[in-house]
Amino acid sequence: MELALAQAQQAAERGEVPVGAVVVSPAGELLARDGNRTIELADPSAHAEMLAMRAAGIKLGNYRLTACTLYVTLEPCVMCAGAMIHARIGRVVYGATDPKTGAIASVYQIGGDGRLNHGLDTESGVLAVEAATLLRDFFKARRNQQRS
């Protein structure tokens with residue numbers, strides 16, 4: 001999760017919402033890491049999780065990321081959770097919850113309600129204070145810039 005937090009910090013430095021993600025193989029090998037790049041790439045799907053899963057798939061030569069673990073600093077959205085289902089991610093570990101758009105537990109329970117062909121093993125709250133602080137500070141600075 002510390003690597004994901006570093007990616008989130010880099011995203012903030014680029015002016016992106018500070019979310020970072022890391023994909024690790026079942027053997028513990030770092031497959032991919034990235035932070036949000038929606039503004040930089042002018043791509044609404046360029047969330048940290050999506051970019052990390054794409055890079056991991058390329059590295060493995062397979063879009064199925066079976067038994068891999070995805071670490072992400074913020075609870076994934078509907079788009080990202082859906083992609084995790086399609087990729088067959090084995091485990092999702094996230095930091096801060098997202099009470100507005102969280103799709104793992106907060107608003108929706110994608111991959112956890114048994115209705116899809118794949119379920120997600122999840123763990124929440126890992127370095128949640130650090131992840132939430134990074135997000136809060138980013139948006140506070142953005143609001144202060146808009147007032148200036």
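Residues numbered from 1 in each chain as written. Predicted model: local features only at pLDDT ≥ 70, side-chain atom pairs only at ≥ 80, totals over all residues. Heavy atoms only, no water.

Engineer: Help me understand the sheet that holds strand 1 (residues 20-24), please; the structure alone is not making it clear to me.
Structural biologist: Read across the sheet, 5 strands follow the order 2-1-3-4-5 without closing on themselves; strand pairing throughout is mixed. At either end of the open sheet lies a strand with only one pairing partner, and these are strand 2 (30-35) and strand 5 (121-123). Across this sheet, the average inter-strand angle for adjacent strands is 15°, counted without regard to direction. With 5 bridges joining them, strand 1 and strand 2 adopt antiparallel strand pairing. Bridge pairing links glycine 20 to glycine 35 in strand 2. The strands touched by helix 5 (residues 128-147) are strand 3 (69-74) and strand 4 (91-96); relative to strand 4, the strand with the most contacts, the crossing angle is about 60°. (Pairing = 2+ DSSP bridges. Helix = DSSP H or I, 4+ residues; strand = E, 2+ residues; numbered from the N terminus. Axes fitted to C-alpha atoms, helices over the stretch in contact; angles between N-to-C directions. Contact = heavy atoms within 4.5 Å.)

Engineer: Hey, could you run me through the pairing of strand 4 in this one?
Structural biologist: Along any regular strand the residues' side chains alternate between the sheet's two faces. Judged by how many residues are buried, strand 4 sits mostly within the fold: 5 of 6 residues are covered. Pairing geometry for strand 3 and strand 4, over 5 bridges, is parallel. Looking at the pairing, leucine 74 lines up with alanine 96 of strand 4. Read from strand 3 through helix 4 (residues 78-87) to strand 4, the crossover connection turns out right-handed. Relative to strand 5, strand 4 is paired through 3 bridges, and the arrangement is parallel. Residue pairing across strands places arginine 91 opposite aspartate 121, the latter belonging to strand 5. (Buried < 20%, exposed > 50% of the residue type's maximum accessible area, 1.4 Å probe, protein only. Right-handed = clockwise from strand over helix to strand, strands pointing away.)

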